[in-house]
Amino acid sequence: MTVKQITQNKKQFLDLLLLGDEQENMIDHYLEQGDMFALYDEDLKAVCVVVHVDNDICELKNIAVYQQFHRQGYGKKLISHISKFYENKYKTMLVGTGETPSALSFYRQCGFELSHRIKNFFTDNYNHLMFEEGVQLVDMIYLKKDLK
Ligand SMILES: CC(C)(COP(=O)(O)OP(=O)(O)OC[C@H]1O[C@@H](n2cnc3c(N)ncnc32)[C@H](O)[C@@H]1OP(=O)(O)O)[C@@H](O)C(=O)NCCC(=O)NCCS
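Structure report, in brief. (Residues numbered from 1 in each chain as written. Predicted model: local features only at pLDDT ≥ 70, side-chain atom pairs only at ≥ 80, totals over all residues. Heavy atoms only, no water.)

Description of the site of the ligand
What counts is decided by this rule: Nearness is defined per residue: one heavy atom within 4 Å of the molecule or strand is enough. For this analysis, a polar contact is any N or O atom pair within 3.5 Å, provided that within protein one partner can donate a hydrogen and the other can accept it, and provided that sequence-adjacent residues contribute only side-chain to side-chain pairs. Residue exposure ignores everything except the shown protein chains as possible cover, and the areas themselves are Shrake-Rupley values with a 1.4 Å probe. Only DSSP runs of H or I reaching four residues or more are called helices, and only runs of E reaching two or more are called strands; each is numbered from the N terminus.
Within the structure, the ligand sits among 18 residues, and I63, V65, G73, G75 and K76 are positioned closest to it. The backbone of I63 places a nitrogen or oxygen atom 2.8 Å from a nitrogen atom of the ligand. One of the side-chain N or O atoms of H70 is found 3.3 Å from an oxygen atom in the ligand. Notes on the ligand: free accessible area 910 Å², of which the protein chains cover 74%. Here the shell around the ligand takes five residues from helix α4 (residues 101–109), the largest share from any one element.

Given below as structure tokens:
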């Protein structure tokens, strides 16, 4: 299994990125300035994008594993890789998600804990109502992980 940093033609991974963030123009806001990582296990399994927030903080903006490979540890391995990659650069990694039990459970398993919430983020910023696992996404829930 290898993780490569992708610096060019990041849009080639749009199919995966849309699993993590369903509106392309929202992805365009962070894709160019973000660091992209792709996990290969024989072939491509997962990608993620991380952006600089300030000198102490980076933010995971998107992570996605191909549906047929969920629950095989690829997401957790990618988080572990980027946590090591940034441990000497930032103190904290943030991630924002909808209030979806499976996402919250995944991030907790990867060492994140609850940080704060942004009220109405999904209803204010996306051009359509969003549902995951039958629940409408309204607030953005932020979780944080210490990298040091
Ligand atoms: C979220 C996502 C990246 C997780 O990746 P993954 O490779 O399936 O997750 P892992 O196999 O590494 O899971 C690690 C642990 O997280 C937890 N977890 C992962 N998916 C879960 C789910 N759907 N429900 C509950 N817990 C879950 C489990 O504890 C799991 O360990 P276990 O399988 O031994 O019980 C993947 O489901 C995905 O790509 N989803 C679509 C895109 C997306 O929603 N991105 C993030 C949104 S904020």
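There is more to say, and it comes next.
A look at the pattern of salt bridges
Spelled out, the test is: Here a salt bridge means any side-chain nitrogen of Lys or Arg lying within 4 Å of a carboxyl oxygen belonging to Asp or Glu. In this scheme, a residue with accessible area under 20% of its type's maximum is buried, one over 50% is exposed, and one in between is partly exposed, where area comes from a 1.4 Å probe on protein chains only.
Applying the stated criterion across every chain, the model contains eight salt bridges. As a salt-bridge pair, D139 and K119 come within 3.6 Å of each other at their nearest N and O atoms. Note that D139 is positioned in the loop between β8 (135–136) and β9 (140–146) and K119 in the loop between β6 (113–118) and α5 (121–125), a separation of 20 residues in sequence. Residue class for K119 comes out exposed when judged on its relative accessible area of 58%. Each of E99, R117, K119 and D139 takes part in salt bridges that share partners, so that together they form one network.

Function-wise, these values are silent; they only describe arrangement.
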